[in-house]
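One letter stands for each residue in the lines below.
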Amino acid sequence: MIEGKGKIAVLTSGGDAPGMNAAIRAVVRTGITKGYEVYGVRRGYNGILNKEIELMTFQDVSEKLQHGGTFLFTARSAEFNEDAGKQKAAAICKELGIDTLVVIGGDGSFKGARDLSKYGVNIIGIPGTIDLDIAYTDYTIGFDTAVNTAMEAIDRLRETSNSHERCSVVEVMGRSAGYIALWCGIANGAEAILLQEKFDSETDYDRLIHLIRKNREAGMTHQVIINAEGVGHSNSLAKRIEEATGIETRATILGHLQRGGSPTARDRVYASIMGAYAVDIIDQGKKNRLVGYKDDKVYDIDVDEAFQMQKSIDEYQYEVAHILGTRSDYKEQ
Ligand code: F6P
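Small disclaimer: the values here were computed from a predicted structure and weren't measured.

Undergrad: Help me get a handle on the domain arrangement of the protein, residues and values and all.
TA: Segmentation of the protein into domains returns domain 1 (6-142 + 263-306) and domain 2 (146-259). The straight-line distance from the C-alpha centre of domain 1 to that of domain 2 is 35 Å. Opposite the ten residues of domain 1 that make contact, domain 2 presents ten residues. Both sides of the domain 1 and domain 2 interface together cover about 880 Å² of buried area, and 53% of this is carbon and sulfur. Of all residues in domain 1, the largest losses of buried area upon contact with domain 2 belong to I130, D131 and L132, amounting jointly to 51% of the total for that side. Across the pair D16 and R259 runs a salt bridge, and its minimum N-O distance is 2.6 Å. For the pair domain 1 and domain 2, the number of links is two residue pairs in polar contact (both at pLDDT 80 or more). Tallied by class, the residues present in the side of domain 1 that touches domain 2 amount to three nonpolar, three polar and four charged.

Next up, the structure:
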C-alpha cells in the first residue's frame, strides 16, 4: 500500500437518502486502499465547524452498506450558510490538514461545497437525494429506493381504495421536482399525476375533476391521483374532489417514510461506484468536481459548469404516463 498521500474528509449533508452509507463506505475503503487518511465528519457542515471529525478505519464502515439513513448523521447548517461560516470551515480544514472534502448531498449541499472551494478547500461532490433534481446527473443516490418504497405504499393504498370504491390522492416527496411522482405515476398506473412542472392551477383542477367524474361514469370503482409535493395541498384537493364528484376521497401524504429503508441493489451499487470514483479523481489530482452518471456511465464535471445546467421532466415519459393512466377520450367538459 502507498502511504501518506494526504487527508480526505467525507460528510453527508441535507436530507438523508438510502445508499449514502454505501457511498461513505466506498470513499473510506478506496481512500485507505490508495494510501489516504480518511476522516468521517459528523452532522454535515456543522461537523466541520464543531470539529466532529474522526479518522476512519476499514472496519468502521462494515455493516453499514445495507442500512438506509447515514451513520455520519446529516444536518442543514445555518451557520455554514453564512459566508463567515464557510470561511471558518475552510480555516478548520486547513488547520487539520484536510486536502479534500467529499460532500454527499443534494443541490443545496453542493452550493455550500462550491462556495467553500472558493476559500481554497478542494471539494468533490457525490449526488445524494431522493428527489433526482440535480441537473448534471441522470442518477442520484436514494431515488431508486424512494420510488420503490412509494410504489409499494401506493399499491397498498390502491387495495383499500378499491375495497371502499374511493378516490385516493397520494402526495409523494420531491420538493419542487416531480420525478418521484412521475415514476410512481407509471409504476402504479395512476389515473392522474400532478406535477409542479406541468401544473396550471387555473385549469388543471377542473380537468382533474372532469376526469374523475368520467372515470366513475365509465365504471371505474376507484382511482389513484398522484400529487407531487411541489403541487401540495393534498387534503384540500381531496375535499374538493369529494364535494365536486360525490366520490368519497382520502388524502395520504407519504412523507418521510420515503427517505428510509434498506437501499435497493441499484442504490448500493451506484453509490459504491461513485464513492470509489470520487477517490480515483482525487488521486488523479482533480479539483472541485462533481461525480455523477450520464448515459449509464460514471463521470465527473467541474462544479461551476454543473451549476449552469438545467433539468426538466422527460416529455416522452410524461406523455407515456398520461396515455397509460388517463383516458384521452374525455375531451369535452
Ligand atoms: O430533499 C429531500 C426531501 O425529502 C424533499 O423531498 C423534501 O421536500 C424535503 O427533503 C423534506 O425536508 P425535511 O427532512 O427537512 O423535512
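Undergrad: Which residues make up the side chain of T245, and what are the values?
TA: Tracing the chain through its elements places T245 in helix α9 (residues 234-245). For T245, a relative accessible area of 19% puts it in the buried group. Separated by 2.7 Å, the side chain of T245 and the backbone oxygen of I241 make a polar contact. In this structure the side chain of T245 is engaged in a polar contact, spanning 3.1 Å, whose partner is the backbone nitrogen of I247. Once residues within four sequence positions are removed from consideration, T245 is found in contact with I209, I212 and R213.

Undergrad: Tell me what's going on with the packing of aromatic side chains, and back it up with residues and numbers.
TA: How two aromatic rings sit relative to each other is set out by the distance from centre to centre and by the angle between their planes. Evaluated as defined, the whole model comprises eight aromatic pairs. Taking the centre distance of 4.6 Å and the plane angle of 55° together, the rings of Y139 and Y270 count as tilted. With Y139 in the loop between β5 (122-127) and α6 (143-164) and Y270 in helix α10 (residues 265-283), the pair connects residues that are 131 residues apart, well separated along the chain. Judged by relative accessible area, Y139 falls into the buried class, the value being 3%. With a centroid separation of 4.3 Å and an interplanar angle of 25°, the aromatic rings of Y270 and Y293 are classed as stacked. Here the residue Y270 occupies a position in helix α10, and Y293 occupies one in strand β10 (residues 289-294), the gap between them amounting to 23 residues. On the accessibility criterion, Y293 (5% relative accessible area) is buried.

Basis of the calculations
- Residues numbered from 1 in each chain as written.
- Predicted model: local features only at pLDDT ≥ 70, side-chain atom pairs only at ≥ 80, totals over all residues.
- Heavy atoms only, no water.
- Domains from an automatic or database assignment.
- Contact = heavy atoms within 4.5 Å.
- Buried area = accessible area lost by both parts, 1.4 Å probe.
- Salt bridge = Lys/Arg side-chain N within 4 Å of Asp/Glu carboxyl O.
- Polar contact = N/O pair within 3.5 Å; in protein donor to acceptor, adjacent residues only side chain to side chain.
- Nonpolar A, V, L, I, M, F, W, Y, C, P; charged D, E, K, R; others polar.
- Helix = DSSP H or I, 4+ residues; strand = E, 2+ residues; numbered from the N terminus.
- Buried < 20%, exposed > 50% of the residue type's maximum accessible area, 1.4 Å probe, protein only.
- Phe/Tyr/Trp six-rings, centres within 6.5 Å; stacked < 30°, edge-to-face > 60°.

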